[in-house]
Amino acid sequence: MYCQNRIVHIVQEGDSLYKISRQYKTTVDELILGNPGVNPYNLQIGMRMNVCPGEDYEMEVRPGQTQMPGETTGNRNENSLREDMRLAWLSHVYWTRMLLMAVAADTPDVQLLGERAVQTADEITDVFAKYLPIAVTRQLRNLLVEQVEMTGEVMQSLKSGNMEGYDELIRNWYANANQIAALLANVNPYFGGRETRNMLLNHLDLTREEIEQQINGEYAQSIDTFRDIEKQALEMADHFTMGLMAR
């Protein structure tokens, strides 16, 4: 579920979905849709919930939320952005990994995992949304969704042995990454250098290597490659954070 102004709510003692929905001027149904892994009848203190506030919601500082000594608003914003960006990209690579294993093993949950993997495009877009014009945000989301969908198609094509279709998908896949790099460069000079483009392409290089290894039964190598993917995803997330803060 796409939300441009997503808030992460930490569940407190006495919280319920109804109480949280009233606090953020939204509905219980919206909370459930935005948190598919949360049991609505068993909220736990400290649990993180994604909230898309309603139009009438106004941000306010809650009691007990004070600025720490030596901490500036800029530092808090950067730390929060860095954490959110890292979580979004890690979610992306983890769900991609789970989808890959399902495709390789031909398990019945492939479609469900594919749908969940596509949701990571929204998670990444949400992090960028506050720093980009609305039109650019929409373009970014469309490109990210396209990339995730093509990733699943690449897996399926290789699994079925359709190498002609596989090669065509790979070309389109990399073209998509170049489009993402160009879109970000057009709106932010920080992303105009080679580093942004190279990181996006390197992400696909590693993912392609992981896909081929897993489909071919090279499981130990696939696991090692996924470790590299995790590390590279964090580096890429930090690069995007620095760019957005330097805008």
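Residues numbered from 1 in each chain as written. Predicted model: local features only at pLDDT ≥ 70, side-chain atom pairs only at ≥ 80, totals over all residues. Heavy atoms only, no water.

(A) The arrangement of the nonpolar core in detail. Met85, Trp89, Phe128, Trp173, Ile211 and Phe240 are the most contacted members of the largest nonpolar core, which totals 54 residues. Of all elements in the fold, only helix H3 (73-105), helix H4 (110-129), helix H5 (134-160), helix H6 (163-187), helix H7 (194-215) and helix H8 (219-245) reach the threshold of two or more residues within this core. Here this core gets 11 residues from one element, more than from any other, and that element is H3. Every residue in contact with Trp173, bar those within four places of it in the chain, is listed here: Gln147, Met150, Thr151, Val154, Leu204, Thr207, Arg208 and Ile211. Core analysis: the second largest hydrophobic core is formed by 11 residues, Leu17, Ile20, Val38 and Met49 among them. (Core = buried A, V, L, I, M, F, W, Y, C linked by side-chain atoms within 4.5 Å. Buried < 20%, exposed > 50% of the residue type's maximum accessible area, 1.4 Å probe, protein only. Helix = DSSP H or I, 4+ residues; strand = E, 2+ residues; numbered from the N terminus. Contact = heavy atoms within 4.5 Å.)

(B) Broad picture of empty space enclosed by the protein. Scanning the model with the defined rule gives one cavity of 30 Å³ or more in all. Around the largest cavity, the lining is made up of 13 residues, and of these His92, Thr96, Thr151, His203 and Thr207 lie nearest the centre. Sorting the residues of the lining of the largest cavity by element identifies H3, H5, H7 and H8 as the ones contributing at least two each. Its residues assigned to classes, the lining of the largest cavity shows five nonpolar, six polar and two charged. (1 Å grid on protein atoms, 1.4 Å probe; cavity = no way out; pocket = protein on both sides within 12 Å on 5 of 7 lines; lining within 4 Å. Points joined across faces, edges and corners; volume = space filled by probe spheres on them. Nonpolar A, V, L, I, M, F, W, Y, C, P; charged D, E, K, R; others polar.)

(C) Region of the structure containing the confidence of the model for the chain. The predicted model of the chain averages 87 in pLDDT, with 90% of residues at 70 or higher. Segment residues 61-74: pLDDT under 50, and nine contacts once partners within four positions in sequence are set aside and those in other chains are kept. (pLDDT = per-residue confidence, 0-100.)

(D) Spotlight on H4. In a regular helix each residue adds 1.5 Å, so 20 residues correspond to 28 Å; H4 covers 29 Å between its end C-alpha atoms and thus fits that length. Within H4, 14 of the 20 residues are buried, which leaves the element mostly enclosed by the surrounding structure. (Expected span 1.5 Å × (residues − 1).)

(E) Spatial organisation of the side chain of Ser21. Within the element layout of this structure, Ser21 appears in helix H1 (residues 17-23). Of note is the side chain of Ser21, whose polar atom sits 2.6 Å from the backbone oxygen of Tyr18. Among residues more than four places away in sequence, those in contact with Ser21 are Thr26, Thr27, Val28 and Leu31. (Polar contact = N/O pair within 3.5 Å; in protein donor to acceptor, adjacent residues only side chain to side chain.)

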